[in-house]
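Listed below are the residues making up each chain.
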Amino acid sequence: MNLNQLKYMVSLAQYCSFKEASKHCCVTQPTLSNGISQLESQLGGKLFKRTTRSVELTRFGQHILPLAQAVLEAKDELEKSAVRFLDPGTQILRIGMSPVVTHPHFNACIHALKDSELWSDVFLKQCFMDDMAARLQNDTIDLVLQPRQSARPSIYRKSLFHEPLMYLPPQHDLIPAPGEEMVDIQTLENQTIILTDGCGLSDVIKDAFDEAGITFRRYPGQALSYDVVAQWADLGLAGSILPRSHIPKGFLHAKPLFYNAKPILIHYEIVWNMAFNSNGHRQKTIELLSHYLGNGSQVL
């Protein structure tokens with residue numbers, strides 16, 4: 001097994017086309033096909049279903065794909081860490097991100113960081129919260145963009161932006177009548193809520209219910225994406241709560257969540273480690289991030 005075979009697999013899973021995957025990997029179609037076949041032989045199972053019209057992952061392939069992606073990401077991290085250690089003049093900024101973090105100016109922010117000449121390169125890593133906490137502690141990332149949670153205080157932190165939390169009622173429930181533009185969280189006491197794990201959103205939701213002095217029931221299933229959370233609410237399985245930026249387009253049933261006549265917000269922040277705190281570029285980097293993502297700005 002080699003890294004090229006894993007690269008071929010990840011690319012084919014992304015493009016679902018041997019032609020497009022081979023073009024992306026800069027190899028011929030036979031080379032990519034042979035690499036996939038060799039990987040399947042070594043792993044002992046078929047990774048893809050191939051027909052004349054389509055290519056899709058098998059159940060075994062779906063199981064293997066995230067592991068292959070993790071190996072390739074680890075390889076990138078190893079290379080960048082080696083460069084960082086052997087050439088101290090090479091300044092690589094390593095940013096960890098919770099999957100829930102999104103912002104309309106994020107792309108412009110990253111381009112500005114690259115153009116600022118503060119850093120030789122900017123390396124993004126999307127992680128779950130526990131993984132990011134360990135990476136900060138081990139100094140394998142420099143700073144984190146994440147939702148603010150009461151359970152995860154930090155010495156080195158700065159608030160960025162916020163946005164409303166929206167309630168998506170299960171569609172077997174009555175939809176609020178026209179003119180009822182908000183949902184009081186206290187009306188959701190003991191209601192079943194669909195949650196996601198790892199990104200920090202579920203902790204923010206729990207904090208909101210704790211502040212209101214009420215509890216909720218957790219839906220026993222597990223959703224892996226925010227679109228799925230919304231779809232399940234639309235199917236009537238249970239209610240859900242998402243940041244406004246993650247409400248799917250055309251989903252008309254989401255209502256702002258309120259408590260004591262005030263909107264309930266999810267706040268985002270930068271958190272960094274002790275090593276980064278002493279970096280000479282730290283202050284300018286935080287200022288640049290705050291300029292594009294901060295100042296208490298609300299995502300609309």
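Residues numbered from 1 in each chain as written. Predicted model: local features only at pLDDT ≥ 70, side-chain atom pairs only at ≥ 80, totals over all residues. Heavy atoms only, no water.

1. Re the packing of aromatic side chains
- For the structure shown, the criterion picks out five aromatic pairs.
- With a centroid separation of 6.1 Å and 25 degrees between ring planes, the pair formed by W119 and F276 is classed as stacked. You can see W119 sitting in the loop between α5 (106-115) and β4 (121-126) and its partner F276 sitting in helix α9 (residues 274-277), a full 157 residues away along the chain. Comparing W119 with F276, the two get one shared label, buried.
- Where F209 meets F216, the ring centres are 4.7 Å apart and the plane angle is 50 degrees; that geometry is what we call tilted.
- In this structure F209 comes out as buried when scored by relative accessible area, which is 1%. (Phe/Tyr/Trp six-rings, centres within 6.5 Å; stacked < 30°, edge-to-face > 60°. Helix = DSSP H or I, 4+ residues; strand = E, 2+ residues; numbered from the N terminus. Buried < 20%, exposed > 50% of the residue type's maximum accessible area, 1.4 Å probe, protein only.)

2. A look at the pattern of salt bridges
- Across all of its chains, the model carries 10 salt bridges by this definition.
- The salt bridge involving D197 is made with R218; its shortest N-O contact spans 2.5 Å. Taken together, the residues span a long stretch of sequence, with D197 in the loop between β8 (192-194) and α7 (201-212) and R218 in strand β9 (residues 217-218) at a distance of 21 residues.
- For D197, a relative accessible area of 34% corresponds to the partly exposed category.
- Across the pair D210 and K206 runs a salt bridge whose closest N-O atoms are separated by 3.0 Å. Taken together, the residues span about one helical turn, with D210 and K206 both in helix α7 at a distance of four residues.
- With a relative accessible area of 44%, D210 lands in the partly exposed category.
- A cluster of three or more residues bridged by salt bridges with shared partners is formed by E40, K46 and R50. (Salt bridge = Lys/Arg side-chain N within 4 Å of Asp/Glu carboxyl O.)

3. Observations concerning helix α1 (residues 3-15)
- A rise of 1.5 Å per residue sets the reference length of α1, with its 13 residues, at 18 Å; its end C-alpha atoms lie 18 Å apart and thus fit the reference within 8%.
- Considered for burial, the residues of α1 that qualify are Q5, L6, Y8, M9, V10, S11, L12 and A13.
- Between a side-chain oxygen at the N-terminus of α1 and the backbone nitrogen of N4 the separation is 3.0 Å; the capping residue is N2.
- Positive phi appears at C16, one or two residues downstream of α1, with a value of about 55 degrees. (Expected span 1.5 Å × (residues − 1). Polar contact = N/O pair within 3.5 Å; in protein donor to acceptor, adjacent residues only side chain to side chain.)

4. Things to note about the layout of surface pockets
- Of the pockets and cavities examined, the largest pocket occupies roughly 620 Å³.
- What lines the largest pocket is a set of 16 residues, and nearest its centre among them are P66, Q69, E73, Q126 and F128.
- Mapped by element, the contributors of at least two residues to the lining of the largest pocket are α4 (59-86), β4 and α6 (129-138).
- Of the residues forming the lining of the largest pocket, the biggest block, six residues, is contributed by α4.
- Of the residues contributing to the lining of the largest pocket, the split by class is eight nonpolar, two polar and six charged.
- Here the second largest pocket defines a volume of roughly 350 Å³.
- Along its surface, the second largest pocket is lined by 13 residues, and A208, E211, I264, L265 and H267 are the ones closest to its centre.
- Of all the secondary-structure elements, those providing two or more residues to the lining of the second largest pocket are α7, β12 (262-263) and β13 (265-272). (1 Å grid on protein atoms, 1.4 Å probe; cavity = no way out; pocket = protein on both sides within 12 Å on 5 of 7 lines; lining within 4 Å. Points joined across faces, edges and corners; volume = space filled by probe spheres on them. Nonpolar A, V, L, I, M, F, W, Y, C, P; charged D, E, K, R; others polar.)

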